[in-house]
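Descriptive analysis of the structure
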Amino acid sequence: MRNFETHHFVDHERISEAPILSAPRPVYLQDWWQSAARSDHPHSVIDVERDGRRLGGISFVTRRNKIGARIGHDLFWTHLGGPTLADGLTPDEQRSVITEIVERLPRRVSFRFMCDSGLDYADSLREEMLKAGFSWERHPTFLQHPGDVGVLERMKAKHRTHIKAGLKRLAVTDGTSQEFIDFYASNLVAGSHSPLHLAKAILDKGLQRGRARVFFALNKSGETGLNRIDAAIACAWDEQRYYYWLSRRRIHRPDAPKVDSIATKLLILAAIEHAGQLGLVFDADCPETVGGRALFETVFGFTRIEYRDVYIRRTAITAFYDRSIPGLKRFIKTVFPNAPLKIVDTDGPR
């Protein structure tokens, strides 16, 4: 497989490191997160400056897919991206800045951005993205407010019984960033194109600022090292929301005990409890799989659903690839059932 590549599309004369906003915004768009997500990895920046003032901008990375086409998306490990604007702009000024940012996105690159639908310029962004040829999708995320009925109270009796039994087999503890990244890396089914050192840089900054936490589910089988961890999650938060950011379960190996199926659920419940203690809204962070959505909607009984805006614009070659490859893979799997092919390619696991 060809290695993914990243390239700069940076107008160096227009880049400013000055903060864009001082008002609260999603943790993924805050300066400390963006700085850590960029750090020493190639990325692209489009900034809009007028009269010496930075009015807005966007940061993104690019990689190459399997046929070498360039794909642009939000900074690695950053689940919400898109343009950010300065405070105090009028609606007309916001639209003008957004228009310039969108027009400067290179046409030779396919893009996908997931954006916060709650931003005060979300409507203008949607209109300008559609004008520029982007398609618009809405992806659900599940919310738990501090005053809502507890998850355990909402659960069906059988799920609640499984949770209580799991607490006898597992211990929930805090973890370090290094051990989380080591565990995450050692339990990837396939390699990730998202550099893990960037995830660690973000996590380190979040822990230092008191804006992130790592949870481990430790089995009580007497194992040591990474085998004692059945699952791990990392969460991050801002002034309003507490995001379920990353998670990983241990891959079953012959030399280790069986992974407890309840481990990740216990960790999510611990995170929900922590969010409530902080007085923050727990945000499931837009689970992308059917199973992930069923967990929050069916098992955990979440009833609050919010939708995020996803904007996609494909080049002709990428659009052809995306249309053709799934069908080709299905044909190959029909002829060769044991062929090691994935029918659906996602942006990567949590």
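Let us look at the structure shown here.

1. Overview of empty space enclosed by the protein
Applying the stated criterion across every chain, the model contains one cavity of 30 Å³ or more. In this model, the largest cavity occupies a volume close to 30 Å³. Taken together, Leu29, Gln34, Ser59, Asp74, Leu75, Gly81 and Gly82 make up the full set of residues lining the largest cavity. Among the residues making up the lining of the largest cavity, the classes are represented as two nonpolar, four polar and one charged.

2. Digging into the nonpolar core
Counting 35 residues, the largest nonpolar core has Trp33, Trp77, Phe180, Ile202 and Trp245 as its most contacted members. When contributions to this core are tallied by element, the ones reaching two or more residues are helix 1 (31-38), helix 6 (177-186), helix 7 (196-208), strand 8 (212-219), strand 9 (229-237), strand 10 (241-249) and strand 12 (304-313). Leu267, Leu269, Ala270 and Phe302 belong to the second-largest nonpolar core, a separate cluster that totals 31 residues.

3. Considerations on the pairing of strand 6 (residues 135-144)
One face of the sheet, then the other: side chains in a regular strand alternate in exactly this way. The pairing of strand 6 with strand 12 spans nine bridges and is classified as antiparallel. Each bridged residue has a counterpart across the sheet, and for Phe142 the counterpart in strand 12 is Ile305. As paired strands, strand 6 and strand 11 (residues 281-283) are joined by two bridges and run antiparallel to one another. What sits directly across from Gln144, in strand 11, is Phe282.

4. Notes on helix 7
The terminal C-alpha atoms of helix 7, which comprises 13 residues, lie 18 Å apart, in line with the 18 Å expected from a rise of 1.5 Å per residue. Inspection of helix 7 places Leu198, Ala199, Ile202, Leu203 and Gly206 among the buried residues, and these make up the whole buried set. Angular distribution of buried residues about the axis of helix 7 spans 135°; they occupy a single face of the element. The secondary structure elements touched by the buried residues of helix 7 are helix 1, helix 6, strand 8, strand 9 and strand 10.

5. Digging into the pattern of salt bridges
On inspection of all chains with the given rule, the structure shows 20 salt bridges. The salt bridge partner of Glu127 is Arg95, with a shortest N-O separation of 2.7 Å. Placement of the pair is Glu127 in helix 3 (residues 122-131) and Arg95 in helix 2 (residues 91-103), with a sequence separation of 32 residues. Overall, the relative accessible area of 39% leaves Glu127 in the partly exposed class. The exposure class of Arg95 is partly exposed, given its relative accessible area of 25%. Salt-bridge contacts for Asp283 lead to Arg308; the nearest nitrogen and oxygen are separated by 2.5 Å. Here Asp283, found in strand 11, pairs with Arg308, found in strand 12; they are 25 residues apart in sequence, far enough to count as distant.

The rules behind these values
- Think of each chain on its own: its residues are numbered from 1, step by step along the sequence as written.
- This being a predicted model, a pLDDT of at least 70 is required before a residue's local features are given, and a value of 80 or more before pairs of side-chain atoms are given or counted; all residues contribute to the totals for chains, interfaces and linings.
- Computation of side-chain values covers all heavy atoms of the structure but excludes hydrogens and water.
- The distinction between a cavity and a pocket rests on a 1 Å grid over the protein atoms alone: a 1.4 Å probe fits inside a cavity but cannot get out, while a pocket stays open yet meets protein on both sides within 12 Å along at least five of seven lines, and a residue with an atom within 4 Å of a point counts as lining.
- Grid points are joined across faces, edges and corners, and a volume is the space filled by probe spheres set on the points.
- Under the scheme applied here, ten amino acids are nonpolar (Ala, Val, Leu, Ile, Met, Phe, Trp, Tyr, Cys and Pro), four are charged (Asp, Glu, Lys and Arg), and all others, including Gly, are polar.
- Here, the term nonpolar core denotes a set of buried Ala, Val, Leu, Ile, Met, Phe, Trp, Tyr and Cys residues that are joined through side-chain atoms within 4.5 Å.
- Only protein chains enter the calculation, and the probe is 1.4 Å; a residue is then buried if its accessible area is under 20% of its type maximum, exposed if over 50%, and partly exposed in between.
- For the purposes of this entry, the term helix denotes a DSSP run of H or I that reaches at least four residues, the term strand denotes a run of E that reaches at least two, and both are numbered from the N terminus.
- Paired strands, as defined in this entry, are two strands with at least two bridges between them according to DSSP.
- Each helix should span, by expectation, one fewer than its residue count multiplied by 1.5 Å.
- Here the arc refers to the directions that run from the helix axis out to each C-beta atom.
- By definition in these notes, contact holds between two residues if any of their heavy atoms fall within 4.5 Å.
- By definition here, a salt bridge exists when the distance from a side-chain nitrogen of Lys or Arg to a carboxyl oxygen of Asp or Glu is within 4 Å.

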